Every structure is written in C-alpha cells, then in structure tokens.
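Inside the fold
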Amino acid sequence: MTPEQNFMRKIEAEEKIEPKDWMPDAYRKNLVRQVSQHAHSEVIGMQPEGNWITRAPSLRRKAILLSKVQDEGGHGLYLYSACETLGVAREELVAAMQQGIAKYASIFNYPAQTWADVGAIGWLVDGAAIVNQVSLQRTSYGPYSRAMIRICKEESFHQRQGFEIMLVLASGSPEQQAMAQDALNRFYWPSLMMFGPHDAESAHSARSMQWKIKRETNDDLRQKFIDQTAEQVKVLGLTHPDRDLKWNAERGHYDSGDIDWDEFYNVINGNGHANRQRLAHHIQAHEEGAWVREAMSAYKARRKALTAQQAA
Ligand code: FAQ
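Heads up: these notes are all about the structure in this document. (Residues numbered from 1 in each chain as written. Predicted model: local features only at pLDDT ≥ 70, side-chain atom pairs only at ≥ 80, totals over all residues. Heavy atoms only, no water.)

This next bit is on the overall build of the protein chain. Within the protein chain, the regular secondary structure consists of 13 helices and two strands. Computed over its C-alpha atoms, the radius of gyration of the protein chain comes to 21 Å, within 12% of the 20 Å expected for a compact globule of 312 residues. Counting every position in the protein chain, which comprises 312 residues, the buried fraction comes to 50%. For the protein chain, restricting intrachain contacts to residue pairs at least 6 apart in sequence, the fraction spanning at least 24 positions comes to 76%. In the form shown here, the protein chain has an accessible surface area of approximately 16100 Å², with 55% of it arising from carbon and sulfur atoms. Each charge sign in the protein chain was given a centre, from 37 positive and 39 negative side chains, and these centres are 7 Å apart. (Helix = DSSP H or I, 4+ residues; strand = E, 2+ residues; numbered from the N terminus. Rg over C-alpha atoms; globule rule 2.2 N^0.38 Å. Buried < 20%, exposed > 50% of the residue type's maximum accessible area, 1.4 Å probe, protein only. Contact = heavy atoms within 4.5 Å. Areas by Shrake-Rupley, 256 points an atom, 1.4 Å probe, with all protein chains shown as cover. Lys, Arg positive; Asp, Glu negative; His and termini not counted. Charge placed at Lys NZ, Arg CZ, Asp CG, Glu CD.)

Ranked by size, the top nonpolar core spans 49 residues in total, and within it Trp115, Trp123, Phe187 and Leu238 carry the most contacts. Beyond its immediate stretch of four places on either side in the chain, Trp123 contacts Gln159, Gly162, Phe163, Met166, Leu184, Thr229, Gln232, Val233 and Leu236. One finds Met23, Leu79, Tyr80 and Val94 within the second-largest nonpolar core, a separate group that totals 27 residues. (Core = buried A, V, L, I, M, F, W, Y, C linked by side-chain atoms within 4.5 Å.)

As a further point, take the side chain of Asn248. Structurally, the position occupied by Asn248 is in strand S1 (residues 246-248). A distance of 3.1 Å separates a polar atom in the side chain of Asn248 from the backbone nitrogen of Glu250. Discounting chain neighbours no more than four positions away, the residues touching Asn248 are His253, Tyr254 and Asp255. (Polar contact = N/O pair within 3.5 Å; in protein donor to acceptor, adjacent residues only side chain to side chain.)

This part takes up the site of the ligand. Taken together, 35 residues lie around the ligand, and Lys103, Ser106, Ser202, His204 and Lys214 are the ones closest in. Gln37 has a polar side-chain atom sitting 2.9 Å from an oxygen atom of the ligand. At 2.9 Å from a nitrogen atom of the ligand is found a main-chain nitrogen or oxygen belonging to Ser106. Surface burial for the ligand is 90%, taken as the share of its 1100 Å² of free accessible area covered by protein chains. In the shell around the ligand, the residues fall into 14 nonpolar, 12 polar and nine charged. (Near = heavy atom within 4 Å. Nonpolar A, V, L, I, M, F, W, Y, C, P; charged D, E, K, R; others polar.)

For the rest of this paragraph, the subject is the side chain of Ser191. Secondary-structure assignment places Ser191 in helix H8 (residues 174-193). Given a relative accessible area of 0%, Ser191 falls into the buried group. Setting aside anything within four residues of it in sequence, one finds Ser191 in contact with Ile107, Leu124, Val125, Ala128 and Phe225.

Okay, the packing of helix H6 (residues 115-136) against H8 next. The geometry of H6 relative to H8 is characterised by a closest axis approach of 9 Å and an angle of 30 degrees between their N-to-C directions. Here H6 is positioned roughly parallel relative to H8, judged by the angle of their axes. Considering only the axes of H6 and H8, their crossing is right-handed. Where H6 abuts H8, its residues Ala116, Asp117, Ala120, Ile121, Trp123, Leu124, Val125 and Ala128 lie against Met179, Ala180, Ala183, Leu184, Arg186, Phe187, Tyr188 and Ser191. Of the residues belonging to the contact of H6 with H8, the class tally is 13 nonpolar, one polar and two charged. (Axes fitted to C-alpha atoms, helices over the stretch in contact; angles between N-to-C directions. Parallel < 35°, antiparallel > 145°, perpendicular 65-115°, else oblique. Left-handed = near helix turned anticlockwise from the far one by under 90°.)

On to the packing of aromatic side chains, then. Applying the stated criterion to the full structure yields 10 aromatic pairs. Ring geometry for Phe195 versus Phe225: centroids 5.6 Å apart, planes at 45 degrees, classification tilted. Pair noted here: Phe195 is in the loop between H8 and helix H9 (205-210) and Phe225 is in helix H10 (residues 218-236), with a separation of 30 residues, a long-range link. Residue Phe195 shares its accessibility class with Phe225, and that shared class is buried. An aromatic cluster is defined as three or more aromatic residues linked by ring pairs; in this entry it consists of Phe7, Trp22, Tyr27 and Trp211. (Phe/Tyr/Trp six-rings, centres within 6.5 Å; stacked < 30°, edge-to-face > 60°.)

We now examine the pattern of salt bridges. Inspection of every chain in the model, using the stated rule, returns 17 salt bridges. Between Lys10 and Asp21 there is a salt bridge whose closest N-O contact spans 3.3 Å. With Lys10 in helix H1 (residues 3-12) and Asp21 in the loop between H1 and helix H2 (25-44), this residue pair connects regions lying 11 residues apart in the sequence. Put simply, Lys68 and Glu72 hold a salt bridge, and the shortest N to O gap is 2.9 Å. (Salt bridge = Lys/Arg side-chain N within 4 Å of Asp/Glu carboxyl O.)

The next subject is helix H7 (residues 142-170). For H7, with 29 residues, the first-to-last C-alpha span of 42 Å sits near the 42 Å given by 1.5 Å per residue. At Cys152, H7 shows its strongest bend, of approximately 30 degrees. (Expected span 1.5 Å × (residues − 1). Bend = angle between axes of the 7 residues up to and from the residue.)

Looking now at unusual backbone geometry. Positioned with a positive phi, Glu14 is a non-glycine residue whose angle comes to about 65 degrees. One can find Glu14 in the loop between H1 and H2. Positive phi, normally seen in glycine, also occurs at Lys212, with a value near 60 degrees. Along the polypeptide, Lys212 turns up in the loop between H9 and H10. Owing to a relative accessible area of 17%, Lys212 belongs among the buried residues under this scheme.

Here is the structure:
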C-alpha cells in the first residue's frame with residue numbers, strides 16, 4: 001500500500017490523521033489555511049466585544065463578558081497550537097494575517113455599537129460558530145478535532161449568555177426592545193455569511209469534503225442555522241429580518257431570502273466597516289507584547305543553559 005493509499009484508507013475508516021503521519025502536501029496546506037484562519041478569527045473576534053468590557057451595564061455582566069472574551073483568546077491559542085503541529089511557526093501565521101494575506105471571519109469587521117450588539121454577537125455569531133464547530137469535531141485531523149471538542153463546550157455557554165442578554169432586552173422597556181431588534185437586524189445577515197459562499201461558489205469545499213476536513217457543506221450548515229434561529233426569534237418575540245423567510249413543509253426547512261454577496265466579498269477583501277481598525281489594533285497589541293515574547297525566549301534559553309550545565 002502506498003502512503004497515499006494508506007492515508008485515504010484512514011480517512012475512509014474515520015481514523016484520525018496525526019501530525020507525524022504521512023499526508024498529501026495539498027491536505028497539509030489546506031488545513032494550515034483553514035485552521036490558521038479559524039485561529040485568527042477567534043483572536044480578532046475578541047475586539048468587538050472587548051470594546052464593551054468597560055461599559056457592561058452591571059458587575060455581573062462585566063464578569064461574564066470578561067471571561068467570554070478571555071475564552072476566545074484561549075480558543076485562538078488551541079488553534080494556533082493545532083496549526084503548529086503541521087510544521088508552521090505561529091509568527092509566520094500571525095504575520096500572514098497582519099499583512100492581509102490570511103483571512104479571518106468577515107463578521108468581526110462589523111462594529112458592536114450598542115449593548116444589544118453584545119447579546120446579538122453571543123446569540124448569533126457564537127451560535128453560527130457552534131453549528132460549524134460541532135460538525136468540525138469530526139474533522140479528519142486529530143489535533144484540530146480535539147481542539148474543536150473543547151471549544152464547543154465553551155462556545156455553547158457563550159451562545160446562551162448572548163441569548164439571555166437578548167431575552168432580557170426583548171422583554172424590557174420599548175427602548176430596550178428597539179435596541180434588541182436593531183441588533184438582530186444588523187447582525188442576522190452577516191451571521192449567515194459566516195458559513196462562506198454557496199457550495200457552487202466555494203473554492204475549497206469539494207476537496208475538503210473528500211478529505212473530511214469539512215464534514216458538512218457551507219449551505220447545509222447555513223440551513224441548520226437558519227432553521228434554529230427562526231424558532232429563537234419567535235421565542236424572543238422580535239420581528240425576523242428576512243421578509244422572505246417561509247417554512248417549506250416539503251423540504252422540512254425554512255426557505256430564505258438572498259444574501260448580499262457583494263457585501264460579503266467587499267468585507268473579505270478588506271473593505272468592511274472595521275477591517276483597517278481591527279488589523280491596526282492587532283498590530284499595535286502585538287508590538288506592545290514584544291517584550292513578553294522576548295522575556296519568555298530569554299528565560300527558555302537560560303533554563304536550557306542551566307540544564308546543560310547541570311548535566312555536564
Ligand atoms: N469570512 O472555499 P470557501 C468564531 C473565504 S469562529 C472570511 O468556502 P472554506 C468564534 C475562505 O477562507 C469563526 N472569509 O472556504 C467567536 C476562502 O478564502 P481563501 C470562524 C471567508 O475554507 C465568536 C474563500 O472565502 N470559524 O466566530 C468566509 O472551504 C464570537 C472561499 O471560501 C471558522 O473559521 C467568511 N465568513 O469554507 C469568536 C470555522 N467564508 O482561504 C469571537 C472553520 C469563506 O481561499 C466572538 N472554517 N471565506 O483566501 C471553516 O469552516 C471554513 O473555512 C469556512 C469557509 C466555512 C469558514
């Protein structure tokens with residue numbers, strides 16, 4: 001059996017591919033692309049909500065938000081570590097993102113303007129992320145799959161805290177209800193875009209599905225999210241932003257209106273509302289943290305020299 005045949009045998013038998021296993025170059029490259037972009041999304045995703053930590057309306061809300069934003073940073077770290085097992089250095093990955101070569105999720109280029117936006121992000125953005133990530137728990141690459149299992153546990157708490165913020169606002173004063181509705185209106189369509197282009201337009205889907213990097217297609221996952229969100233909007237008593245949303249009994253799913261793909265491509269090509277601000281902030285924080293990385297390297301070198309001295 002050739003290494004390639006053995007690789008495909010493992011994929012078909014649902015065995016995980018591990019870092020030291022032989023894998024086709026294109027599989028490795030595709031994984032580095034997806035996992036690193038996923039890591040960048042988690043870290044850049046800290047910014048819209050991070051902006052609200054000092055303005056959360058109560059101590060309880062502040063404590064919850066602080067810990068949620070820290071969790072997202074942690075998810076970025078698991079994912080960068082998973083990606084490094086494929087033989088790329090984190091510095092290289094971060095540099096590609098800062099130079100605009102590697103993408104991150106389009107949704108984080110939309111600003112969080114009100115407190116209700118923090119609720120909508122938890123409910124819709126984390127909600128969309130989980131739908132995708134539950135499926136990715138079964139991805140064929142071992143370290144990515146294990147990172148997803150851990151991340152999903154935390155993400156479901158994030159989704160519920162966002163929904164709870166929305167529930168409180170939607171049953172509050174007329175001003176609070178209006179704020180909740182406005183946040184839903186602005187975040188609903190960009191959340192649908194998180195699943196990527198339609199399957200027919202998706203450059204990587206066919207290969208990723210064949211290699212079981214992705215386990216469900218962009219459109220199938222998006223449909224799951226549309227169906228679950230339609231019911232949640234009813235519970236909140238808000239008006240659904242998609243005027244064309246209609247239950248299709250034959251399909252057993254909701255039919256929905258068209259996504260504005262011009263807006264999607266505009267945002268992923270760097271021209272969204274906050275693209276420049278997000279990258280500038282990341283670069284600034286990265287530069288300010290250089291001394292921590294240098295101190296860690298110096299400490300590591302000293303420990304190594306000390307251990308060598310003791311062994312001699
Ligand atoms: N935004 O051929 P496809 C989170 C790009 S985690 C930006 O369909 P693929 C947690 C795509 O990269 C959210 N770019 O690509 C949180 C490719 O560009 P490339 C992140 C997008 O990979 C919550 C090109 O378009 N989750 O939110 C987007 O097969 C709250 C062609 O597309 C993940 O990353 C987009 N929405 O499918 C954190 C999940 N969609 O690389 C903080 C893992 C597509 O050729 C607060 N990733 N593109 O230059 C995936 O499942 C997949 O990568 C997809 C895209 C489904 C995102």
